[in-house]
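Residue-level structural notes
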Amino acid sequence: MVHIDLLRHGETVGGTRFRGSLDDPLTDEGIRQMECAVANAGPWDEIVTSPLSRCAAFAESLALKLRVPLAIDERLREIHFGDWEGRSYAELMATAPLALTRFLGDPLRHPPPGAESVEAFRERTLDALRDRLTPHNLGRRLLLVTHGGVIRVMLCHARRWPLARLLEIDVPHASLHSLCGSGQRCEEVRP
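Residues numbered from 1 in each chain as written. Predicted model: local features only at pLDDT ≥ 70, side-chain atom pairs only at ≥ 80, totals over all residues. Heavy atoms only, no water.

Considering the packing of helix H5 (residues 118-132) against helix H6 (residues 148-159)
Packing of H5 against H6 leaves a shortest axis separation of 10 Å and a crossing angle of 75°. What the angle tells us is that H5 and H6 run roughly perpendicular. Contacts between H5 and H6 involve Phe121, Arg122, Thr125, Leu126 and Leu129 from the former and Gly149, Val150, Val153, Met154 and His157 from the latter. Counted by class, the contact of H5 with H6 contains six nonpolar, three polar and one charged residues. (Axes fitted to C-alpha atoms, helices over the stretch in contact; angles between N-to-C directions. Helix = DSSP H or I, 4+ residues; strand = E, 2+ residues; numbered from the N terminus. Parallel < 35°, antiparallel > 145°, perpendicular 65-115°, else oblique. Contact = heavy atoms within 4.5 Å. Nonpolar A, V, L, I, M, F, W, Y, C, P; charged D, E, K, R; others polar.)

Re the layout of surface pockets
By volume, the largest pocket amounts to about 610 Å³. The wall of the largest pocket is formed by 31 residues, among which Arg8, Glu78, Phe81, Tyr89 and Arg152 lie closest to the centre. For the lining of the largest pocket, the secondary-structure elements that each account for two or more residues are helix H4 (97-105), H5 and H6. No other element matches the three residues that H6 contributes to the lining of the largest pocket. Tallied by class, residues from the lining of the largest pocket come to 14 nonpolar, nine polar and eight charged. (1 Å grid on protein atoms, 1.4 Å probe; cavity = no way out; pocket = protein on both sides within 12 Å on 5 of 7 lines; lining within 4 Å. Points joined across faces, edges and corners; volume = space filled by probe spheres on them.)

Concerning the pattern of salt bridges
When the charged atoms of two side chains with opposite charge come close together, those side chains can pair. Counting across every chain of the model gives 14 salt bridges. Between arginine 75 and aspartate 73 there is a salt bridge whose closest N-O contact spans 2.8 Å. Arginine 75 sits in the partly exposed class, given a relative accessible area of 24%. Residue aspartate 73 is classed as buried on the basis of its relative accessible area, which comes to 6%. Salt bridges sharing common partners tie together Asp73, Arg75, Asp131 and Arg132. (Salt bridge = Lys/Arg side-chain N within 4 Å of Asp/Glu carboxyl O. Buried < 20%, exposed > 50% of the residue type's maximum accessible area, 1.4 Å probe, protein only.)

Quick word on the environment of glycine 148
Mapped onto the secondary structure, glycine 148 falls in helix H6. Judged by its relative accessible area of 2%, glycine 148 falls in the buried class. Spatially, the C-alpha atoms of glycine 148 and leucine 98 are 23 Å apart, while their sequence positions differ by 50 residues. The contact partners of glycine 148, leaving out residues within four places of it in the chain, are Arg8, Glu78 and Val171.

Encoded structure:
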């Protein structure tokens with residue numbers, strides 16, 4: 001078995017918004033949140049991170065502290081929200097309430113204008129996960145430092161839920177989730 005822990009980044013500068021591909025750093029509170037999340041977790045044999053600084057800066061620091069290898073995987077970046085990048089829920093409720101409501105109700109059929117499709121996002125995210133579920137990693141414990149959307153896709157897959165249920169999964173800042181798997185099969189490990 002391969003054990004994979006998924007860590008969402010902490011609070012970011014600029015508050016809650018459709019951040020997607022924006023490269024906003026963590027706040028001091030966000031760093032503290034992540035430190036608390038990993039304080040009694042692990043140990044890990046390797047840390048793999050999204051390239052975005054809200055994940056990568058903490059992952060690099062943790063890898064140095066723990067003296068474990070660090071890898072950057074582009075496929076672990078957040079979904080691109082198209083025209084909604086950088087906008088808050090409040091802004092969208094004021095300017096595009098119907099589009100926001102439809103997206104929150106069914107992100108597959110009602111994506112933001114110009115956004116990466118949820119299906120394409122799922123494929124690249126699950127490709128990254130499958131690459132970790134290899135015989136090479138059997139018996140190893142990995143930490144993936146990534147984003148809420150990536151974690152939701154992986155948990156949806158592990159639970160064998162349809163992708164339409166993606167937004168039902170709660171993934172707060174600096175939350176830690178566990179998966180284990182062998183071959184192409186992956187299951188959620190609940191605490």
